[in-house]
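Here is how the chains run, residue by residue.
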Amino acid sequence: DSGVTQTPKHLITATGQRVTLRCSPRSGDLSVYWYQQSLDQGLQFLIQYYNGEERAKGNILERFSAQQFPDLHSELNLSSLELGDSALYFCASSEGGGWNTGELFFGEGSRLTVL
Amino acid sequence: ELKVEQNPLFLSMQEGKNYTIYCNYSTTSDRLYWYRQDPGKSLESLFVLLSNGAVKQEGRLMASLDTKARLSTLHITAAVHDLSATYFCAVDDFGNEKLTFGTGTRLTIIP
């Protein structure tokens with residue numbers, strides 16, 4: 001158990017809908033990362049937050065947004081869903097705060113299926 | 001932009017044999033991580049390599065880092081079925097506050 005909690009574990013929805021994925025980092029970690037894993041794209045970095053502030057952005061679609069709240073949990077919002085958004089979405093956390101990312105600890109993932 | 005390449009992408013090997021997975025990256029970094037992923041599961045941290053020449057071993061797995069060559073290796077000794085999984089290397093993208101992952105190597109150990 002990494003200490004990172006993600007909900008829901010599985011989600012099935014229809015095209016055009018909106019979903020929210022939630023992540024609670026390990027106790028003491030200030031940085032939260034979101035990654036998307038699909039069969040043909042591997043692990044793609046989406047976005048990173050440190051202590052409530054966005055610090056790094058990857059290949060995140062405009063239809064997707066995220067935030068980190070004062071209690072350090074994070075939410076990833078996916079809207080106007082398309083079939084191609086079906087993937088495993090991972091949240092990871094680290095202590096953060098330095099130039100180096102450091103070791104990431106991953107949650108169990110949220111498997112999104114868009115029909 | 002940092003690129004991380006692993007090879008091979010797929011590896012099928014017999015129990016008891018040795019093999020090496022290679023991870024090459026394109027820009028300067030002295031921090032590299034290896035993760036294991038079982039099908040449909042989370043990523044489990046295996047090794048943290050924090051300097052040139054770093055070598056870490058755990059059981060039948062040994063990882064090393066050569067920052068000058070921008071190369072890390074994951075060596076498997078006398079493979080057993082339990083090692084079947086996908087292995088990812090990830091490079092610390094210095095200053096960009098993220099890890100960039102390799103494509104992964106899907107390892108299958110055949111009895």
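Above this text you will find the structure in question.
Reading the values: the criteria
- Per chain, residue numbering runs from 1 following the sequence as it is written.
- Think of it this way: whatever chain is written first is A, whatever ligand is written first is 1, and the rest follow in order.
- The predicted nature of this model means local features are confined to residues of pLDDT at least 70 and side-chain atom pairs, given and counted, to a pLDDT of 80 or more, with totals for whole chains, interfaces and linings taken over all residues.
- Each side-chain value is worked out from all heavy atoms of the structure, with water and hydrogens disregarded.
- Note on pairing: two strands pair once DSSP finds at least 2 bridges between them.
- A run of H or I in DSSP counts as a helix once it spans at least four residues, and a run of E counts as a strand once it spans at least two, with each numbered from the N terminus.
- Lines fitted to the C-alpha atoms define the axes, with helices restricted to the stretch that makes contact. Angles between their N-to-C directions range from 0 to 180 degrees.
- In what follows, a contact means two residues having at least one pair of non-hydrogen atoms within 4.5 Å.
- Computed with a 1.4 Å rolling probe, the buried area is the accessible surface lost when two parts are put together, summed over both parts.
- For this analysis, a salt bridge means a side-chain nitrogen from Lys or Arg found within 4 Å of a carboxyl oxygen belonging to Asp or Glu.
- Definition of a polar contact: a pair of N or O atoms within 3.5 Å, with one able to donate and the other able to accept a hydrogen when the atoms are protein atoms, and with sequence-neighbouring residues admitted only if both atoms are side-chain atoms.
- Each residue gets one label: Ala, Val, Leu, Ile, Met, Phe, Trp, Tyr, Cys and Pro are nonpolar, Asp, Glu, Lys and Arg are charged, and the others, such as Gly, are polar.
- Disulfide assignment relies on a single distance test, namely cysteine sulfur atoms paired within 2.5 Å.
- A 1.4 Å probe rolled over the protein chains alone gives each residue an accessible area, and that area as a share of the maximum for its type sets the label: buried under 20%, exposed over 50%, partly exposed in between.

Caption draft 1: The sheet that holds strand β8 (residues 74-78) of chain A, seen in detail. Residue and element names in this part refer to chain A. Pairing is antiparallel across the open sheet formed by 4 strands, whose spatial order is β1-β3-β8-β7. The strands lining the two open edges of the sheet, one partner per strand, are β1 (5-7) and β7 (64-68). In this sheet, neighbouring strand axes are inclined to one another by 15° on average, regardless of whether the strands run parallel or antiparallel. Bridge count between β7 and β8: 5 bridges; the pairing is antiparallel. Bridge pairing in β8 links Q68 to S74.

Caption draft 2: Spotlight on the interface of chain A and chain B. Listed by partner, the interface residues are 20 residues for chain A and 19 residues for chain B. Overall, the association of chain A and chain B removes approximately 1800 Å² of surface from exposure, summing both partners, and the carbon and sulfur fraction of that is 52%. At the boundary of chain A and chain B, one finds 0 salt bridges. For the pair chain A and chain B, the number of links is 6 residue pairs in polar contact (both at pLDDT 80 or more). Where the side of chain A that touches chain B is concerned, the elements lending two or more residues are β4 (31-38), β5 (42-50), β6 (53-57) and β9 (87-94) of chain A. The residue makeup of the side of chain A that touches chain B, split by class, is 10 nonpolar, 6 polar and 4 charged.

Caption draft 3: Structural detail: the state of the cysteines. Enumeration over the complete set of coordinates arrives at 2 disulfides over all chains. One disulfide in the model links C23 of chain A with C91 of chain A; its S-S distance is 1.8 Å. Judged by the torsion about the S-S bond (-55°), the C23 of chain A/C91 of chain A disulfide is left-handed. With C23 of chain A in strand β3 (residues 19-24) and C91 of chain A in strand β9, this pair connects stretches of sequence that are 68 residues apart. Take C23 of chain A and C91 of chain A: they sit in the same class, and that class is buried. Here C23 of chain B connects covalently by a disulfide to C89 of chain B, the sulfurs 2.1 Å from one another. Residues C23 of chain B and C89 of chain B are joined by a disulfide whose S-S torsion is about 80°; by sign, that bridge is right-handed. In this pair, C23 of chain B sits in strand β3 (residues 19-25) while C89 of chain B sits in strand β9 (residues 85-92), placing the two residues 66 residues apart along the sequence. Owing to a relative accessible area of 0%, C23 of chain B belongs among the buried residues under this scheme.

Caption draft 4: Looking closely at the side chain of S42 of chain B. Here S42 of chain B shows up in the loop between β4 (32-37) and β5 (43-49). In terms of polar contacts, S42 of chain B uses its side chain to reach the backbone carbonyl oxygen of G107 of chain A, at 2.5 Å. Once residues within four sequence positions are removed from consideration, S42 of chain B is found in contact with F90, F106, G107 and E108 of chain A together with R36 and Q37 of chain B.

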